[in-house]
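# Structural characterization, general
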Amino acid sequence: MTVNGFLGQLVDLPRVLNEHSYNINIFGTPSPTEPWGWNLWGHHLAVNCLLIGGRQVLTPVFFGAEPNLIDSGEHAGLSLLDEQERAGLDFVRSLTAAQAEKAVLYHHKRDPGMPPGRLHPGDELHLGGALQDNRIIPFEGLPGAELDAAQQKALTRLVDLFLDYQPTGPRQARMADVRLHLDDTHFCWIGGRGDEDPFYFRVQSPVILVEFDHHAGIFLANPEPEKFHTHILVRTPNGNDYGAELVRQLTGSPHRLDGPA
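Residues numbered from 1 in each chain as written. Predicted model: local features only at pLDDT ≥ 70, side-chain atom pairs only at ≥ 80, totals over all residues. Heavy atoms only, no water.

### Describing the overall build of the protein
The secondary structure content of the protein amounts to 6 helices and 11 strands. A globule of 261 residues ought to have a C-alpha radius of gyration of about 18 Å, and the protein, at 19 Å, matches this closely. If one aligns the C-alpha atoms of the protein with their principal axes, the spans along those axes are about 50 × 50 × 35 Å. A burial count over the protein gives 46% of its 261 residues as buried. Look at the contacts in the protein between residues 6 or more apart in sequence, and 59% of them connect residues 24 or more apart. Of the roughly 13200 Å² that the protein leaves accessible, carbon and sulfur atoms contribute 54%. (Helix = DSSP H or I, 4+ residues; strand = E, 2+ residues; numbered from the N terminus. Rg over C-alpha atoms; globule rule 2.2 N^0.38 Å. Buried < 20%, exposed > 50% of the residue type's maximum accessible area, 1.4 Å probe, protein only. Contact = heavy atoms within 4.5 Å. Areas by Shrake-Rupley, 256 points an atom, 1.4 Å probe, with all protein chains shown as cover.)

Written out as structure tokens, the structure reads:
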């Protein structure tokens, strides 16, 4: 929200882009047993939470920043999403040549060898972007079964960085699921691997989907993807975004929450 306010100052649109242009919705009635939920959304921010019977599903989520660094004013020095960026780059650089051959799908962020439609006008390379709930996305890249123990640990740490918005208990439970499926987890990469190269990567398993992507300018003027405009997404595959599958399992029916309240 702070970065959104900074962007509004940069492009002289403070009435459109500011720290307060966000909305909270409550769905259903808060209860320790019955399903209910909330979401928080606005520019470069969408967080969806479902709670039922002591369990929580906090996906889908979307965080973005343009620019991802405030370089002047009261909040100068504030940066966003650089931990995820650095961890992804460190991980792809740790791969052997044979592993990288499988993981790297294209060597340029907007590679001319990509099939038509792979580049989305709004979501760039994200496959789980807007209006893509429950999309079936084939695995691509390097399977976790082909990583050594140190690499599997590094991949686990990478995923954990994408869940840093969660409370400790749900985050630990989520990561336990991730570890159970490490052999079936796939890592893929698009773009260069130099310090200044923009890139995209995805970590995908039967229980989690995370995507990281550098974008071209929307309010800023860069026509090509640059590292100062970043989007990340986290989804739960197999129908459990918004907790839909969990509600079905626990209640025996596809429960639709009333709302917003």
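Read on for the rest.
### Here we look at the pairing of strand S10 (residues 209–214)
Extensive coverage of S10 is indicated by the burial of 6 of its 6 residues. Of the two faces of S10, both are covered, the one formed by Leu209, Glu211 and Asp213 as well as the one formed by Val210, Phe212 and His214. Where strand S9 (residues 199–204) lies against S10, 5 bridges are found, and the strand directions are antiparallel. Within the sheet, the bridge partner assigned to Gln204 lies in S10 and is Leu209. The antiparallel pairing of S9 with S10 creates a hairpin that spans 4 residues between the two strands. As paired strands, S10 and strand S11 (residues 230–235) are joined by 6 bridges and run antiparallel to one another. Along S11, the bridge assignment pairs Glu211 with Leu233. (Pairing = 2+ DSSP bridges.)

### Points about unusual backbone geometry
A cis amide bond, omega 0°, links Thr59 with the succeeding residue Pro60. On the secondary structure map, Pro60 appears in the loop between strand S4 (55–57) and strand S5 (61–65). Notably, Asp12 is not glycine yet its phi reads approximately 60°, a positive angle. Here Asp12 falls in the exposed class, since its relative accessible area comes to 64%. Unusually for a residue other than glycine, Leu81 sits at a positive phi of about 65°. Summarising the element assignment, Leu81 is placed in the loop between S5 and helix H2 (82–94).

### Considerations on helix H4 (residues 149–161)
Across its 13 residues, H4 extends 19 Å between first and last C-alpha, which sits within 8% of the 18 Å expected from 1.5 Å per residue. Regarding H4, the residues found buried are Gln151, Gln152, Leu155, Thr156, Leu158, Val159 and Leu161. Against the buried residues of H4 lie H2, helix H3 (97–103), helix H5 (168–180), strand S8 (186–191) and S9. A distance of 3.1 Å separates the backbone nitrogen of Ala150 from a side-chain oxygen at the start of H4, and that oxygen is part of Asp148. (Expected span 1.5 Å × (residues − 1). Polar contact = N/O pair within 3.5 Å; in protein donor to acceptor, adjacent residues only side chain to side chain.)

### Brief notes about the side chain of Lys227
Mapped onto the secondary structure, Lys227 falls in the loop between S10 and S11. For Lys227, a relative accessible area of 14% gives the class buried. A distance of 2.6 Å separates the side chain of Lys227 from the backbone oxygen of Asp195, its partner in a polar contact. For Lys227, the residues in contact, after removing those within four places along its chain, are Asn68, Glu85, Gly194, Asp195, Glu196, Asp197, Pro198, Phe199 and His214.

### Let's talk about the layout of surface pockets
Of the voids in this model, the largest pocket is the one considered here, and its volume is about 490 Å³. Lining the largest pocket are 20 residues; nearest its centre among them are Arg55, Gln56, Val57, Asp177 and Asn240. Counting only elements with at least two residues in the lining of the largest pocket, the list comes to S4, H5 and helix H6 (244–251). Of all the elements, H5 adds the most residues to the lining of the largest pocket, at 4 residues. Per-class residue counts for the lining of the largest pocket are 8 nonpolar, 8 polar and 4 charged. (1 Å grid on protein atoms, 1.4 Å probe; cavity = no way out; pocket = protein on both sides within 12 Å on 5 of 7 lines; lining within 4 Å. Points joined across faces, edges and corners; volume = space filled by probe spheres on them. Nonpolar A, V, L, I, M, F, W, Y, C, P; charged D, E, K, R; others polar.)

### A look at the packing of aromatic side chains
A complete count under the given rule lists 10 aromatic pairs for this structure. Plain terms: the ring middles of Phe63 and Tyr165 are 5.8 Å apart, the flat faces sit at 55° to each other, and that makes the pair tilted. One end of the pair, Phe63, is in strand S5; the other, Tyr165, is in the loop between H4 and H5, and 102 residues separate them in sequence. Taking the centre distance of 5.5 Å and the plane angle of 25° together, the rings of Phe199 and Phe212 count as stacked. Taken as a pair, Phe199 in strand S9 and Phe212 in strand S10 lie far apart in primary sequence, 13 residues in all. By way of ring pairs, the aromatic residues Phe91, Phe162, Phe187, Trp189, Phe199, Phe201 and Phe212 are connected into one cluster. The ring centre of Tyr200 lies 5.6 Å from the NZ or CZ of Arg118, which sits over that ring. (Phe/Tyr/Trp six-rings, centres within 6.5 Å; stacked < 30°, edge-to-face > 60°. Lys NZ or Arg CZ within 6 Å of the ring centre and 35° of its normal.)

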